[in-house]
Structures are given as C-alpha cells and as structure tokens.
Amino acid sequence: MNHPVQILDWPCSIKLAMMQLPVKKKHPRRQEPGPPASLEFCVHFPEVVLCLVEKRMGASRKAFLTTLARQRGFCVEDANSERVTHVVSEGNSGDEVVEWLKKKGRHYIDAVADCPALLNISWFTESMSAERPVPIEPRHYLLVTAHAEELEAKCQVAPYACQRRTLLLHSNQALVNKGTECHPGFHHFYLTLLLCLEKQPDTHKKSRRSMEDALQTMAEEAHFNGSEARSLAFSRAASVLKSLPWTVKRVQELHSLPCIGEHSRRIVQEVLEDGASAEVERVQHSERYQAMKLFTKIFGVGVKTASRWYQEGLRTLADLQVHHAKLSKEQQVGLLHYDDLNTPVERSEAEAIGQVVREAVEQCLPGASVTLTGGFRRGKPTGHDVDFLVTHPTEGQEVGLLSKVISWLDKQGCLLYYSSHRNTFLDLEDLELWSSSSSASMMDRFERCFSIFCLGCLPGALQRGAGAQKPSTATWSPGASRSWKAVRVDLVVSPYSQFPFALLGWTGSRNFERDLRRFSKHEKKMALNSHTLYHVEQKIFLTAASEEEIFQLLGLEYIPPEERNA
Ligand code: 8DG
Ligand code: CA
Ligand code: CA
C-alpha cells in the first residue's frame, strides 16, 4: 500500500495506529460517521484550531485523524468556522484547498497574514508526534497561485528603508526550521526566542538559521574583507526581508522586491530549502571570520586593526594578551572587560544607568534633559551599549556641560573608562560645503563621551550592595566573582536647535539612517546629517522643531522609533 503519510519518526503506538488507518479508496463506499460530536476532550492548545480537508483524505480517515488530534488536546472544527487557524490537507494542491474552502463557505483567506495557514499533512503528523503544534516551516505550506498575486498586489515594498515600517519582531526572523505562525502567541514566542538567541554565545547557536541572520553573516564577512558595497547589498536585502508583513516561503516571492540581488537570492533559497546555507556555514567556520569576529568585538578595535592582527598570525584573545604592548589604552580596557561588554545590556540596566546620568546632569545644569536613544528607543529589549542625548532648552547653556557631568560621575566611582571629544561643529569654516560632504553623513561633530560604566558601583540610592566600591582594574581579574558589570555608554550633547536632527540620527537603526540620508540626497537634493538639513539646490538650511517636522520636510510619512528597526 502506498501510504501518503511520512510516519518513520513517530512513536510506535502512533505508527501502528496510522498503518491501520483507512485510506480513501478510489470509489468510496458510504461515508463512515465521524466521532460523536458530544465526545469531550481537553483542549490544550486553544490558540490553534484545526480544520481537516476531507477532499482526497476521505471521511473515515478524516474522522480518525480528528479523534487523534482531539485526544492530543487539539481543537478541530469545520471549514466554515471563523476560528480555524490551521487548514490541513492531504494530496491536494493549495489552489484546490482554496476552492474546497470556498465551497464550504469559507471565503476570506488572508494570504498576507497566513490566516488560516494552509498546510500539508506533514505539519499535522509532526504535531501529533510532538504532542503539540510544531512551528510552521516554509516546507509545510501549500503553494497557492492566487496568494502570490495577492501578496504582490498588497505589498509594494518601497526601495528606501526610511519609507518602510520595520518592527523589531517581524515575519522572517524565525529559524527556518521553526517557522512563523499567525496565532496570538506569536509576538511573545519570538521575543523569547530573540532573547534566547541574543544571550547565547555564537558557538551554541544551531546551524539552522533565519534568512535574515544568514544575510547578516554574509554582510559581516564582506565588511571584514573591506568590501563595503557587497556588505551593503547583503545588509539591504536583510533589511527588506525584515520589513515584509508576510513570511517568505518560496524564493519566487522575492521576484518583485527591491534590493535583493542574485547572491542574496541564492542564500535565501538555500535557507528556505535546507534550513541553512552551505556558503554561510563555510563563512562561519572559516578561521579568518572567527578571528575577525572575536577581535572586532573588543571595544576600540575596528576592521583594519583586526585584519592586521590576523595577518600577523594572532588568532585568540590569549594571543593578544601576550602582545599586550600592541594595544591602545582603550583596547586594553576593552580586552579586560571583554565578557561584560559582549553580554547584552538589559533594559532595566539601561534605565538604572539613565537615572544616574539624569542625576549627574541635574546636578551640573538644572533644566537640562537626558533622552535614551539608540536601540532602546526603538523598543529593543537589550542592546550592546546605552546611548544618551543631552540638551538644554536655552541654546548655549549646554556648552561645557559634558566635562562637568563626567567629572561628577567619575567622583561617584561610576566610570571604569571614558574618552571625551569636544564639539567641532563650530570650527567648520564652510558649513555648506561640509553639510554636502560624505563625511557629514558618516560622523557628527557633537561634544561626546564614549565610556564604560560600572553598573553595581552606582552612587547613592541606586547602589545595589551597600558600600560597593569602584573596582580596581589593577587588582581585579576577569572571571573573579563580583557584584558589578561593565557597560558601554555613549553620552552626546546637542545644542537645542539641532536636537531633533541629533535625536533622529542617534535613534538608528544604522540601515534606517543610511537610507534617510541616501533618500534625502537622491530623491530630494537635500543633505541630512545629525546637525542640520541642507537644501543643496536652494542653498538654504531648513530648521525643524521635532523629528516629525524633519520627515515632513523630506516629504516622508512619519515613522515612529519602534518602526525604524530596519
Ligand atoms: P545596539 O546598541 O542596541 O546594539 O544597537 P544601536 O543602538 O542601534 O546601535 P549603536 O551602534 O549604539 O548606534 C546607535 C545609533 O547612533 C545608530 O543609528 C548610529 C548612530 N551613531 C553612532 N555613532 C554615530 C556618529 O558618530 N554620528 C551619528 N550621526 N550617529 C552615530 O553610533
Ligand atoms: Ca546602542
Ligand atoms: Ca552607541
């Protein structure tokens, strides 16, 4: 008998039961009745409501599978129920299932949100075997021709990241063998997954990966090799995937999307088909990529330095310790606090540091404000550092503030390291020329401080343990037990009139910022940076009192920070 169900990995009891399953004959006899409607089973997964497609499955097999599912705590309902979230079919094409559903009175199928999800029997068998609804993977979906057209019509994806809304949690971030679903637990589940992944050291990550992750690895590898254009191409492709409101299941769906080149397309195809890309795996396991990754994660080490060390034969952090003299002061501190600085900073930690910074600023200049920017402003639950923007409503009052704040923080024992830079914006002789230059869009000229805070050595009421002391870097060694943590903090001071530009510039994401500036230049003949917006043709500076006004000046729809995670 050719059984259409793959049952090799099932527990014996289920295998036996499935072997004895009635399979629909070519000329079915009188339909057998389904399970008694009055039979009650406990529902363990209320967010998942199944519907089994009788066409080709046959009534008796459907009845058997219905009972099996109900015994395992699944809810099974008729095709016309609005509660149905998962439609399971055996032996039908996606188009046939859509037709069948329509005949049964179910007309509305949201292809963009995958509601209900149209699935082949493999999802069902795996779920029965696991005794829980397994996450949907691309291979579980039935392909529906009409859906592809609907998706294309509904989702005209804009070419610039600043024209797209990109949420932190999106439809293409799941590991491909742990695909997405549209039931209500979605956001919570992926937030948890995200947090787990961020907390895991790279070596513990499974080889199966999301399309976005695979493309980011390729972008990073190109960056390590100094191929910025290639790096950008992969990064842009990943950013487009992040903005899609649906889960990509077939490579053909990329056809009408912007910024997805041939190489990115190949990587996505591999991930969709095999759950991972051999090319990405090769990159990840290469000695150079691993060493570059290790070195560039040291505070104060960029690609150039890391590359030089690699060429000199250095491979590990221990190698660097032997060549300690090669390191700048900043890099020495970075190496000393390597583990802490590569442990994600929690939002609660960012807020605790924020309170101290506010206290310091209030002491030094009453009325000045402190705004949390960077990833935390975009709603990220963790970050690699904490970014603050400081200003005062009276223009000019902010001058000289940073050195006082640093000195206050240092006296309180909050700083393990800092390096401050004065404001160089006023030094510019030709503001128009600078504004139109590429350096203006790369680096701003605010007064700033790159620091390492000692969390746990915070002053006053914020101090975690009574009498916590700033640790002596001379006596402390990595691995020693302690109650404090080193955290990277960026403090930036902006004059009030430039604050909206600074806020927009420091909120990120980097992809969003890059495209804001690219859009301004190419589509509007304007030059945007963190200080100003300059109209190149009209030769005038445009002022703005808020981020909303800047979007307006650029003719863009306002995108709130939580939707700038491009
Ligand atoms: P994470 O820390 O959560 O990992 O991510 P993030 O907060 O998005 O990244 P970030 O590296 O801390 O950068 C935050 C934003 O600040 C980002 O959009 C880039 C921007 N930024 C710098 N340095 C400079 C700079 O010198 N000039 C300007 N204009 N922006 C900068 O990081
Ligand atoms: Ca940050
Ligand atoms: Ca930063």
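Residues numbered from 1 in each chain as written. Chains lettered and ligands numbered in written order. Predicted model: local features only at pLDDT ≥ 70, side-chain atom pairs only at ≥ 80, totals over all residues. Heavy atoms only, no water.

Q: Would you mind going over the packing of aromatic side chains with me for this structure?
A: The relation between two aromatic rings is expressed through the spacing of the ring centres and the mutual angle of the planes. Enumeration according to the criterion identifies nine aromatic pairs in this entry. An angle of 50 degrees between the planes, with centres 4.8 Å apart, marks the rings of F45 and F74 as tilted. One end of the pair, F45, is in the loop between α1 (12-19) and β1 (49-52); the other, F74, is in the loop between α2 (59-71) and β2 (75-76), and 29 residues separate them in sequence. Given the relative accessible area of 13%, F45 is considered buried. (Phe/Tyr/Trp six-rings, centres within 6.5 Å; stacked < 30°, edge-to-face > 60°. Helix = DSSP H or I, 4+ residues; strand = E, 2+ residues; numbered from the N terminus. Buried < 20%, exposed > 50% of the residue type's maximum accessible area, 1.4 Å probe, protein only.)

Q: Explanation requested: the coordination of the calcium ion (ligand 3) in the structure shown.
A: Note on metal geometry: ideal angles are 109.5 degrees for four donors arranged tetrahedrally and 90 or 180 degrees for six donors arranged octahedrally. Around the calcium ion (ligand 3), the protein supplies D385 (OD), D387 (OD) and D490 (OD) as donor atoms, at distances of 2.2 to 2.5 Å. Going along the chain, you hit the donors of the calcium ion (ligand 3) in the pattern D-x1-D-x102-D. Here the calcium ion (ligand 2) and the calcium ion (ligand 3) are spaced 3.8 Å from one another, each receiving a donor from D385. Separated by 103 residues along the polypeptide, D387 in strand β8 (residues 386-391) and D490 in strand β11 (residues 485-493) bring together distant segments of the chain. Accessibility expressed as a relative area gives 9% for D387, which makes it buried. (Donors = N, O, S within 2.8 Å, 3.2 Å for Na, K, Ca; no water.)

Q: Is there a simple way to explain the state of the cysteines in this structure?
A: As used in these notes, a disulfide is a covalent bond between sulfur atoms, one from each of two cysteines. All told, the structure shown has one disulfide when counted by the stated rule. Shown here is the disulfide that connects C454 with C457, its sulfur atoms set 2.1 Å apart. Cysteine C414 shares no disulfide, and the gap to the nearest cysteine sulfur, in C457, comes to 7.9 Å. (Disulfide = S-S within 2.5 Å.)

Q: Looking at this structure, how should I read the side chain of S264?
A: With respect to the helices and strands, the residue S264 is situated in helix α9 (residues 262-274). Its relative accessible area of 3% is what places S264 among the buried residues. The residues contacting S264, other than those within four sequence positions of it, are L215, A233, F234 and A237. (Contact = heavy atoms within 4.5 Å.)

Q: Even after reading the chapter, I still don't get the nonpolar core, so can you show me in this structure?
A: The tendency in soluble globular proteins is for nonpolar side chains to be buried as a group. L241 and F295 are the most contacted members of the largest nonpolar core, which has 39 residues in total. Of all the secondary structure elements, the ones that give two or more residues to this core are α7 (211-224), α8 (228-243), α9, α10 (278-285), α11 (287-296) and α12 (303-311). Those residues in contact with F295 that lie beyond four places of it in its chain are V301, A306, W309, Y310, L314, R315, T316 and L320. (Core = buried A, V, L, I, M, F, W, Y, C linked by side-chain atoms within 4.5 Å.)

Q: So what exactly am I meant to see when it comes to the coordination of the calcium ion (ligand 2) here?
A: With distances of 2.1 to 2.2 Å, the protein atoms coordinating the calcium ion (ligand 2) are D385 (OD) and D387 (OD). Judged by relative accessible area, which is 7%, D385 ranks as buried.

Q: Mind showing me how you'd approach the site of ligand 1 here?
A: Taken together, 18 residues form the shell around ligand 1, and within it G375, H384, D444, R510 and S530 come nearest. Between ligand 1 and D385, the relevant distance is 3.0 Å, taken from an oxygen atom to a side-chain nitrogen or oxygen of the residue. Interatomic distance of 3.2 Å between a side-chain N/O atom of R448 and an oxygen atom of ligand 1. Elements with a contribution of two residues or more to the shell around ligand 1: α17 (374-377), α21 (499-507) and α22 (510-524). Sorting elements by how many residues they give to the shell around ligand 1 places α22 first, with three residues. (Near = heavy atom within 4 Å. Polar contact = N/O pair within 3.5 Å; in protein donor to acceptor, adjacent residues only side chain to side chain.)

Q: Even after reading the chapter, I still don't get the environment of V357, so can you show me in this structure?
A: Residue placement: V357 occurs in helix α16 (residues 347-364). With a relative accessible area of 1%, V357 lands in the buried category. Residues V357 and V405, spaced 48 residues apart in sequence, show a C-alpha to C-alpha distance of 8.0 Å. Once residues lying within four places of it in the same chain are set aside, the contact partners of V357 are V370, F388, F453 and L491.

Q: Sorry if this is basic, but what is going on with α2 here?
A: Owing to its 3.6 residues per turn, the α-helix brings residues three or four apart onto one side. Compared with an ideal rise of 1.5 Å per residue, which puts 13 residues at 18 Å, α2 spans 18 Å between its outermost C-alpha atoms and is within 8% of the ideal. Positive phi appears at G73, one or two residues downstream of α2, with a value of about 90 degrees. (Expected span 1.5 Å × (residues − 1).)

Q: Help me understand the packing of α8 against α22 in this model?
A: Packing of α8 against α22 leaves a shortest axis separation of 11 Å and a crossing angle of 105 degrees. When the axes of α8 and α22 are compared, the pair comes out roughly perpendicular. Only N511, R514, D515 and R518 of α22 make contact with α8, whose side of the interface consists of L232, S235, R236 and S239. When its residues are assigned to classes, the contact of α8 with α22 shows one nonpolar, three polar and four charged. (Axes fitted to C-alpha atoms, helices over the stretch in contact; angles between N-to-C directions. Parallel < 35°, antiparallel > 145°, perpendicular 65-115°, else oblique. Nonpolar A, V, L, I, M, F, W, Y, C, P; charged D, E, K, R; others polar.)

Q: Would you mind going over the environment of T532 with me for this structure?
A: Checked against the element boundaries, T532 lands in the loop between β12 (526-528) and β13 (533-535). For T532, a relative accessible area of 11% corresponds to the buried category. For T532 and A502, which are 30 residues apart along the polypeptide, the C-alpha to C-alpha distance reads 8.6 Å. Ignoring any residue separated from it by four or fewer positions in sequence, one finds T532 in contact with F425, S435, F501, A527 and F541.

Q: Is there a simple way to explain the sheet that holds strand β9 (residues 415-421) in this structure?
A: Note on sheets: strands pair through backbone hydrogen bonds, and any given pair is parallel or antiparallel. Taken together, the five strands give an open sheet; going across it, the order is β6-β8-β11-β10-β9, and neighbouring strands pair in mixed fashion. At either end of the open sheet lies a strand with only one pairing partner, and these are β6 (369-372) and β9. For this sheet the average axis-to-axis angle between neighbouring strands, irrespective of direction, equals 20 degrees. As paired elements, strand β10 (residues 447-455) and β11 share nine bridges and run antiparallel to each other. Its bridge partner being in β11, C449 is matched across the sheet by L491. Sheet contacts for α21: β6, β8, β10 and β11; angle to β8, the most-contacted strand, approximately 180 degrees. (Pairing = 2+ DSSP bridges.)

Q: Help me out: how do you make sense of the sheet that holds strand β3 (residues 86-89) in this one?
A: Strand order in the open sheet formed by four strands is β2-β1-β3-β4, and the pairing between neighbours is parallel. Each having just a single partner strand, β2 and β4 (117-120) make up the two edges of the open sheet. Taken together, the two bridges between β1 and β2 define a ladder with parallel strand orientation. Residue pairing for β2: L50 is matched across the bridge by V76. Contacts between helix α4 (residues 121-130) and the sheet are confined to β1, β3 and β4, with β4 contributing the most and set at about 80 degrees to the helix.

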